[in-house]
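Each chain, written out:
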Amino acid sequence: GGGARAAAAPRGGKRVRALVLVLLVLQTTVITLLARESRIPVAGRPMYLGAAAVLVSECIKLPVCLAVISRQLGGPRQMLADVRQRVVVGWRDTLAMGLPALLFGLQNMLFFVSVSNLSATSYQLWSQSKTLTTALFYVLYLGGALRRLQWLSLSLLCAGVGLVQASDSVSAAAGAASAGRPLLGISAVLASSLLSGFANIYLEKKMKASEASLWVRNVQLAVFGIPQALFVLFGLERAALAASGPFVGFTPTVWSVVWLRALGGLLVAAVIKYADNIVKTYATAVAIVLTCVVSSVLDGSRPTRAFLQGMSLVLASVLLYNRKPKPSSPPLDDGEAAARRQAGRL
């Protein structure tokens, strides 16, 4: 009885890890492909406002987080009491979330600029530059140290995205219809990675210094994120909003992108709870390859040699960066050392 239950637990844990891995691969791949497709201009169809998509996504995330907190604590009343205590009474802690909320909001805006001007696979590869920026802020802001293998992986990452850039430049020069403006897309994704790197490290530091859950942190972020998205939509996009309304161009594809971005936070939480960074690493690698394969099939085009070489280097860097070092062997006592010397003579 007890042994069977003990054996069933690891198997159940493996199933959950496998499910998280599959969902993470699908979410990462599908949202990139759909977002790219949604930003390709179509005659007679107005382009949707990226700011409106960001606002709707933020408004979806908030009730989802509140529902999870309610489930964890045992009901809406307990949820409201906890949120009031941590968000309103603990306003200083909430105020500290203003900076990452601003950075995440800008990152969301830049996402739509990136996918408008890069192919789905190029975006996937360039977005791995957040590994470089996160490592940079890990060293500078948290005072952490990187292993030699991690420095090597970052060098491979730089070389890989350099080859991808060369491939994209050739495509743009050849006048590829869907190429967009690669330089603008690359600038947007690099800026997004810079913002993401600092915001993630800042958030990690705050979470380690507090008992607030990931869901409470998301509620605190929403306190600033929703007003920011409203300001961008009704302030900076006022003319387009007055001409056509907030939901112009919201096709089923666009709604899918909005929901996938909003619910992506659930997967992040699932990775933290049920898996680890290694699972996320392999999911990223598989998603890159899958995006490249699906894009090639849909576009009817073959990736260039430089692109494939760049993709290989990026994949190698992703796998190397998160590779766990081998545990050092404990020192041998005199008896073990003598036994091994004796065994070596036989």
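Please refer to the structure higher up on the page.
All values reported here derive from a predicted model rather than from experimental measurement. (Residues numbered from 1 in each chain as written. Predicted model: local features only at pLDDT ≥ 70, side-chain atom pairs only at ≥ 80, totals over all residues. Heavy atoms only, no water.)

Observations regarding the overall build of the protein
Quick note on the threshold: Helix and strand labels come from DSSP, where a helix needs a run of H or I of at least four residues and a strand needs a run of E of at least two; each type is numbered from the N terminus. The buried label goes to any residue with under 20% of its type's maximum accessible area, the exposed label to any with over 50%, and the partly exposed label to all in between, with areas taken from a 1.4 Å probe on protein chains only. The contact criterion used is simple: two residues touch if any of their non-hydrogen atoms lie within 4.5 Å. Under the convention used here, a 1.4 Å probe and the Shrake-Rupley method define accessible areas, while residue burial counts only the protein chains that appear.
Secondary structure summary: the protein contains 15 helices and 0 strands in total. Looking at the protein as a whole, 41% of its 346 residues qualify as buried. Counting contacts in the protein only where the partners sit at least 6 residues apart, residues at least 24 apart contribute 85% of the total. Carbon and sulfur atoms form 65% of the exposed surface of the protein, whose accessible area is close to 18,900 Å².

Describing the packing of helix 2 (residues 50-73) against helix 3 (residues 76-89)
Definition in use: In this analysis an axis means a line fitted to C-alpha atoms, helices contributing only their contacting stretch, and an angle means the value between N-to-C directions, from 0 to 180 degrees. Angles below 35 degrees are treated as roughly parallel, those above 145 as roughly antiparallel, those between 65 and 115 as roughly perpendicular, and all remaining angles as oblique. Rotating anticlockwise by less than a right angle from the far helix to the near helix defines a left-handed crossing, while the corresponding clockwise rotation defines a right-handed one. Under the scheme applied here, ten amino acids are nonpolar (Ala, Val, Leu, Ile, Met, Phe, Trp, Tyr, Cys and Pro), four are charged (Asp, Glu, Lys and Arg), and all others, including Gly, are polar.
Following both chains from N to C, one finds helix 2 and helix 3 inclined at 110 degrees, their axes separated by 8 Å at the closest point. Classified by the interaxial angle, the pair formed by helix 2 and helix 3 is roughly perpendicular. Where helix 2 crosses over helix 3, the handedness of that crossing is right-handed. On helix 3, the residues that touch Leu 66, Ile 69, Ser 70 and Leu 73 of helix 2 are Pro 76, Gln 78, Met 79, Asp 82 and Val 83. Split by residue class, the contact of helix 2 with helix 3 holds 6 nonpolar, 2 polar and 1 charged.

Structural notes on the packing of aromatic side chains
What counts is decided by this rule: Any two rings among Phe, Tyr and Trp, with Trp reduced to its six-membered ring, count as a pair given centres within 6.5 Å; such a pair is stacked if its planes are under 30 degrees apart, edge-to-face if over 60, and tilted if neither.
Scanning the entire structure with this criterion turns up 11 aromatic pairs. Considering the side-chain rings of Tyr 141 and Tyr 202, the 6.4 Å spacing of their centres and the 25 degrees angle between planes classify their relative orientation as stacked. In this pair, Tyr 141 sits in the loop between helix 7 (129-140) and helix 8 (148-173) while Tyr 202 sits in helix 9 (residues 182-208), placing the two residues 61 residues apart along the sequence. Exposure remark for Tyr 141: the relative accessible area of 31% places this residue in the partly exposed category. Measuring from ring centre to ring centre gives 5.4 Å for Phe 247 and Phe 250, while their planes differ by 90 degrees; the resulting arrangement is edge-to-face. Exposure remark for Phe 247: the relative accessible area of 48% places this residue in the partly exposed category.

By themselves, these observations are geometric and do not establish any function.
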